[in-house]
Amino acid sequence: MSTPARARDNVFSRREIEGMLAEGKLIIIVDGNVLRLDAWIRYHPGGDMAIKHMIGKDATDEVNALHSQEARDRMSKFQIGRIEGYWANFLPPIQGGKFRPLIENEIDEDLVSSELSSEEISAPPSPIFEAEDERLGLRRRLSVSTISSAVSAVPPPTEDKPRAYVIDARTQEEIEMDSANYPPLDAEHQDYVVQRYRELHQRIRAAGLFKCNYTAYAIEISRYTLFFGLFLFFLQRSWFCLSAFFLGCFWHQLVFSAHDAGHMGITHNYQIDTTIGMIIADYLGGLSLGWWKRSHNVHHIVTNAPEHDPDIELMPFFALSHRFFTSLYSTYYDRIMTYDAVSQFTVKYQHYLYYPILLFGRFNLYFLSWEHIIVGRGPKHGAGWWHRWFEFAGHIFFWAWFGYGVVWCSIPTWFDRVVFVLISHMVTSPLHVQITLSHYAMSTADLGPLESFPQKMLRTTMDVDCPPWLDFFHGGLQFQAIHHLYPRIPRHNLRKTQQFVREFCEDVKIPYAVFTFYSGNKEVIGRLAHVSRQARLLEECRKACAADPHMH
């Protein structure tokens, strides 16, 4: 679709874009083009939350990574102008960014040079503060690195000061550690990372790695058929434990193809792949692909951000960062993740509870799926308007064949029914381990809006090393770092892509985290244990402060 000539010729200054953001307009930058998405956000099939985390930013790499060329072409009709030169990202409003309204007849930024800079005012408060400036009533940052902290990192008024200081100091320590191990956030270094990342994209495309290997899917379908057949075979012979085991294997393997379809990695056609994904996830597995896509798209943009990434917002069961101790506000769930008495107890033992809780992970997915469908959080307009009803029918179908046909009609006693359900669901737990493995041990520090997309993905994600013959078991999820860089590469090509990514990381001096499955699990348990120790120390600190009033 062609862009109107007026939009192509309209050049916006940074100050003008800040003024539009102050008015609540949804502005993103893609390939130097200024897009206003107010009218489109309700039609976006991937949900509104993903867009909100790109407002005020150059979202070229995020948009290109998650969208087909056809979708990107359709987005051009929302272009209202363009920018020239380097663009320094604003902090999106959903992450705490604040913006100055454009003053009437304001010509350029020199007229307001005495005010705070747009980068400063659009960044949230730092967790470490200098002395309060009584005249302005502002808390000024100690250093630019503290731009990373989100508003919710600021302790609530009821928090005692010593405890808040300990949490804030630890936050700053993590930021400084990441800043030392990764390329600096200045324009020169980040532009080089982006340039090489985009060149890598062209190399991967030229190598044909975005093309789907349909022969590999024929093998996948054979495996699914085998597991489902064994499930039915043993069910008919009343070998319920074996039957449940193979049904769990069937579900475990199916999810990988649903994941591919959700990223348009099979046919690369949005409606076809989404339909395939819904049939697999909803009709055969009882899970909502729509819920997963809405959640997963946000996860791909704000990976491992405690306030924003739903994949790590697992209170009261797990806390991957000490920052959860401040009862963070979740922008995704629109609620405070209260660090209450239950959380304080479970977090202390989370490294022991990790595997037992994941055994029951599928039951939580049922709840989230039904909540998504009933509340209607998916798209209500545009190309995905019908998905909610198709998924609703899929869940009725699933509980008809599984809940009624299998559990109720085919298994005679309540004891056998409970055992069957538990075994079939627990067998899928390696999937939950695989999903969490690639992120739980990685950084949760936020280095701010100036960090490039590829650097953030590699800083918050790791890969799992395994022999090729085990690829079927991991289902492509062992290459999560590569997948986060290029989500639409079909999973059967991810191993071939790995060498390209290794060379890229060596070139731009970004560490490429790769662990074996065993060592990766050790890293995750170690991270959970580390945060658990922090929770214990913080509790001891609080008690000591309460006992000695002079420490306040």
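Residues numbered from 1 in each chain as written. Predicted model: local features only at pLDDT ≥ 70, side-chain atom pairs only at ≥ 80, totals over all residues. Heavy atoms only, no water.

K.L.:
What is the right way to read the pattern of salt bridges from this model?
P.N.:
Between side chains of opposite charge, a pair can form as their charged atoms come close. Summed over all chains, the structure comprises 20 salt bridges. Taking the shortest distance from any N to any O, the salt bridge between Arg74 and Glu70 comes out at 3.3 Å. A residue pair is termed a helical-turn pair when its members lie 3 or 4 positions apart in one helix, as Arg74 and Glu70 do in helix α5 (residues 69–75) at four residues. Judged by relative accessible area, Arg74 falls into the partly exposed class, the value being 44%. (Salt bridge = Lys/Arg side-chain N within 4 Å of Asp/Glu carboxyl O. Helix = DSSP H or I, 4+ residues; strand = E, 2+ residues; numbered from the N terminus. Buried < 20%, exposed > 50% of the residue type's maximum accessible area, 1.4 Å probe, protein only.)

K.L.:
What is the right way to read helix α8 (residues 187–206) from this model?
P.N.:
The terminal C-alpha atoms of α8, which comprises 20 residues, lie 28 Å apart, in line with the 28 Å expected from a rise of 1.5 Å per residue. Within α8, burial applies to Gln190, Val193, Val194, Tyr197, Leu200, His201 and Ile204. Buried residues of α8, viewed axially, fall in a sector of 120°; they line one side. Away from the buried face of α8 by more than 90 degrees, exposed residues Glu188, Gln202 and Ala206 are located. Residues of α8 that are buried in the fold lie against α4 (60–66), α19 (453–460), α21 (480–485) and α22 (494–508). Of the residues that open α8, the one with a side-chain oxygen 3.1 Å from the backbone nitrogen of Glu188 is Asp186. Directly beyond the C-terminal end of α8, a positive phi value near 80° is found at Gly208. (Expected span 1.5 Å × (residues − 1). Arc of directions from axis to C-beta. Contact = heavy atoms within 4.5 Å. Polar contact = N/O pair within 3.5 Å; in protein donor to acceptor, adjacent residues only side chain to side chain.)

K.L.:
What's the story with the pairing of strand β1 (residues 27–30) in this structure? I'm lost.
P.N.:
Sheet faces and side chains relate simply in a regular strand, where the side chains alternate between the two faces. Alternating residues of β1 divide into Ile27 and Ile29 and Ile28 and Val30, and every residue in both groups is buried. Bridge count for β1 against strand β2 (residues 33–36) is four bridges, and the pairing is antiparallel. Bridging across to β2, Ile29 finds its partner in Val34. Hairpin remark: β1 followed by β2, antiparallel, with two residues in the connecting loop; positive phi at Asp31, about 55°. (Pairing = 2+ DSSP bridges.)

K.L.:
Is there a simple way to think about the packing of helix α13 (residues 341–348) against helix α14 (residues 350–358) in this case?
P.N.:
The packing of two helices is summarised by the inter-axis angle and the distance between the axes. Packing of α13 against α14 brings their axes to within 6 Å, and their N-to-C directions diverge by 90°. Regarding the angle of α13 to α14, the classification is roughly perpendicular. Here Thr346, Val347 and Lys348 of α13 lie close against α14, whose contacting residues are Gln350, His351 and Leu353. Residue classes in the contact of α13 with α14 are distributed as two nonpolar, three polar and one charged. (Axes fitted to C-alpha atoms, helices over the stretch in contact; angles between N-to-C directions. Parallel < 35°, antiparallel > 145°, perpendicular 65-115°, else oblique. Nonpolar A, V, L, I, M, F, W, Y, C, P; charged D, E, K, R; others polar.)

K.L.:
Mind showing me how you'd approach unusual backbone geometry here?
P.N.:
If a residue is not glycine, its phi is most likely negative; likewise, a peptide bond is most likely trans. In this structure, the amide linkage connecting Met315 to the following residue, Pro316, adopts the cis form with an omega of 15°. Secondary-structure assignment places Pro316 in the loop between α12 (289–301) and β4 (329–330). If you check the backbone angles, Ser238 has positive phi at about 65° while not being a glycine. Checked against the element boundaries, Ser238 lands in the loop between α9 (214–236) and α10 (240–262). Positive phi values are uncommon outside glycine, yet Ser327 reaches one of about 55°. Note that Ser327 resides in the loop between α12 and β4.

K.L.:
Mind showing me how you'd approach the side chain of Ser68 here?
P.N.:
Summarising the element assignment, Ser68 is placed in the loop between α4 and α5. When its relative accessible area of 14% is taken as the criterion, Ser68 is described as buried. Discounting chain neighbours no more than four positions away, the residues touching Ser68 are Met264 and Arg488.

K.L.:
Sorry, what's going on with the side chain of Gln434 here?
P.N.:
Position of Gln434 among the secondary structure elements: in helix α18 (residues 429–440). Take Gln434: its relative accessible area is 3%, and that puts it in the buried class. For Gln434, the side chain forms a polar contact with the side chain of His474, separated by 3.3 Å.

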